[in-house]
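# Structure at a glance
Chain by chain, the residues run as shown.
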Amino acid sequence: MLAKRIIPCLDVKDGRVVKGIHFQNLRDAGDPVETASQYSAGGADELVFLDITATLEKRDTIIDVINRTAQEVFIPLTVGGGIRTIDDISKILKAGADKISINSCAVRDPGLITRSAEKFGSQCTVVAIDARKKQDGTGWEVVIDAGTKPTEHEAVAWAKQVEKLGSGEIMLTSMDADGTQNGYDIELNRAVSEAVNIPVIASGGAGKPEHLYKVLTDGKADAALAASIFHYDSYPIKVVKEFLIDKGVEMRP
Amino acid sequence: MIAIIDYNMGNLWSVFNAFRKIGAAAELTCQPADLAKATGIVLPGVGAFDQAMDNLDELGMSPEIKKRAAAGVPFLGFCLGLQVLFSKSEEGRDRPGLDIIKGTIKRLPPGDKVPHMGWNQVNWARQDPLLTGIADAPHMYFAHSYYVVPDDDQVVLGKTNYVGEFASAVAKDKIYATQFHPEKSGETGLALLRNFVEIAK
């Protein structure tokens, strides 16, 4: 049986891992290659690097980070953040990433999803969707530009659309749950996962192993992404996996 | 020397990195002549079947791969590199593959999510030097929408369950291929590559 995946996410800024809440109070948390190696040895099923480097001049630092990581870590690596063009994607994949994730640019230029899928394959074209509950309760609105700009897209409909456009996977972040450590948005994850026929990676809200269990079962997500619960060693990946295996979730031990 | 065929079908550096990590002498090459010097040939690849075959043909690799495989040079293909070894694929124009092993590439049937993406178990059908020291039913990393149906069951080395059972590893003499990505399957994947390097010595 296909195992559910546990995916630690590292925020990378100017070539270093940073930790903070909602991109604020960022502090240096080490070398991405070392952190990635530790997570891989600890049982991570995949890794995500989110490049939050603000200035264009420093964007090439992520290429160096990917390059060095790919020499040491032999599990799939997804890189997202600031990807705008096929050329950006090509550089990241050539450096050794296995997948790229596009977010704001997929909304601004949906054709980029198709061009990426045609050139590099659906399996490496991940669309990241940031969504928050609509005030009127009619679903979730898609928000871009790191949570600053609402769009006219509804998350479930947008998810279906990106699947049609060629995306091979969806990374779904609940803006309401993100940073709270109170659990994933189960309703959002289930709605999207049931609407599409491609894997959904749940993100935002993980605070304890129970939360991952909920989203992988009730939330029907195929993978659970988390940052802080792994970063602060509150729950090592091994502990989370053992908890899930005990509960009967299919896992790679 | 292990020759890793560079035919512009993605992800080749990961494969090169994996062989370097295990201390094997491996080189990326797009020159058919280099295959004659190789003690082992590796064909990785992600992407579409037609594009892969077109690229191999354009580089002049197809006849050389067939020649070396027929001569008994150990060969390892993975993912798309498994699929092009077979006779034909339903993907794209339904064009012929290298036809080194008989069989057809088919689309995963509906019933679960496609692509089949993530870690799934491989149940070995028999023993083989490629599997030395590798436990039974290990989890390996998959990312694919098509799978192989070999004409001859005897070539099946491993099977995986996903909307039914499919051949996730094949072997015929010293021609090996896996649908999963050993270069992305952590320590178990590296162990399999080490075994291939031994076979190719």
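In what follows, the structure referred to is the one given above.
A few points on the structure.

Calculation notes
Residues numbered from 1 in each chain as written. Chains lettered and ligands numbered in written order. Predicted model: local features only at pLDDT ≥ 70, side-chain atom pairs only at ≥ 80, totals over all residues. Heavy atoms only, no water. Helix = DSSP H or I, 4+ residues; strand = E, 2+ residues; numbered from the N terminus. Rg over C-alpha atoms; globule rule 2.2 N^0.38 Å. Buried < 20%, exposed > 50% of the residue type's maximum accessible area, 1.4 Å probe, protein only. Contact = heavy atoms within 4.5 Å. Areas by Shrake-Rupley, 256 points an atom, 1.4 Å probe, with all protein chains shown as cover. Lys, Arg positive; Asp, Glu negative; His and termini not counted. Charge placed at Lys NZ, Arg CZ, Asp CG, Glu CD. Buried area = accessible area lost by both parts, 1.4 Å probe. Salt bridge = Lys/Arg side-chain N within 4 Å of Asp/Glu carboxyl O. Polar contact = N/O pair within 3.5 Å; in protein donor to acceptor, adjacent residues only side chain to side chain. Nonpolar A, V, L, I, M, F, W, Y, C, P; charged D, E, K, R; others polar. Arc of directions from axis to C-beta.

### Considerations on the overall build of chain B
Of regular secondary structure, chain B possesses 6 helices and 13 strands. Computed over C-alpha atoms, the radius of gyration of chain B comes to 15 Å, within 12% of the 17 Å expected from 2.2 N^0.38 for 201 residues, which places it in the range of a compact globule. Seen through its principal axes, chain B has C-alpha atoms that stretch 45 × 40 × 30 Å. Relative to its full complement of 201 residues, chain B shows a buried share of 63%. For chain B, long-range pairs separated by at least 24 residues make up 71% of all intrachain contacts whose partners lie at least 6 apart in sequence. Carbon and sulfur atoms make up 47% of the accessible area of chain B, which amounts to about 7,600 Å² in all. The average position of the 20 basic charges and that of the 23 acidic charges among the side chains of chain B differ by 3 Å.

### Considerations on the overall build of chain A
Each helix and strand counted, chain A has 10 helices and 12 strands in total. A compact globule built from 253 residues should have a C-alpha radius of gyration of about 18 Å, and chain A, at 17 Å, falls within 12% of that. Along the three orthogonal principal directions, the C-alpha set of chain A runs to about 40 × 40 × 40 Å. Within the span of chain A, comprising 253 residues, buried residues form 57% of the whole. Total accessible area on chain A stands at roughly 10,400 Å², and carbon and sulfur atoms take up 48% of it. Averaging the positions of the 30 positive and the 37 negative side-chain charges in chain A gives two centres separated by 1 Å.

### Considerations on the interface of chain A and chain B
With 32 residues of chain A in contact, the opposing surface of chain B contributes 28 residues. Taking both partners together, chain A and chain B bury about 2,400 Å²; carbon and sulfur atoms supply 55% of that area. On the chain A side of the interface with chain B, the three residues burying the most area are A:Leu2, A:Phe74 and A:Gln123, jointly 30% of the side's total. Taken together, the connections running from chain A to chain B amount to 3 salt bridges. A salt bridge links A:Glu72 to B:Lys21, with the nearest nitrogen and oxygen atoms 2.8 Å apart. The interface formed by chain A and chain B includes 15 residue pairs in polar contact (both at pLDDT 80 or more). The element contributing the most residues to the side of chain A that touches chain B is helix 2 (residues 60-72) of chain A, with 3 residues. Across the side of chain A that touches chain B, the residue classes break down as 14 nonpolar, 6 polar and 12 charged.

### Re helix 7 (residues 186-195) of chain A
Residues and elements named next belong to chain A. Among the residues of helix 7, Ile186, Leu188, Asn189, Val192 and Ser193 are the ones counted as buried. Seen end-on, helix 7 carries its buried residues on one side only, within an arc spanning 165 degrees. Buried residues in helix 7 make contact with strand 7 (125-133), strand 8 (140-144), helix 6 (155-165), strand 10 (169-174), strand 11 (200-203) and helix 8 (209-217). Measuring from the side-chain oxygen of the N-cap residue of helix 7 to the backbone nitrogen of Glu187 gives 3.2 Å; that N-cap residue is Asp185.

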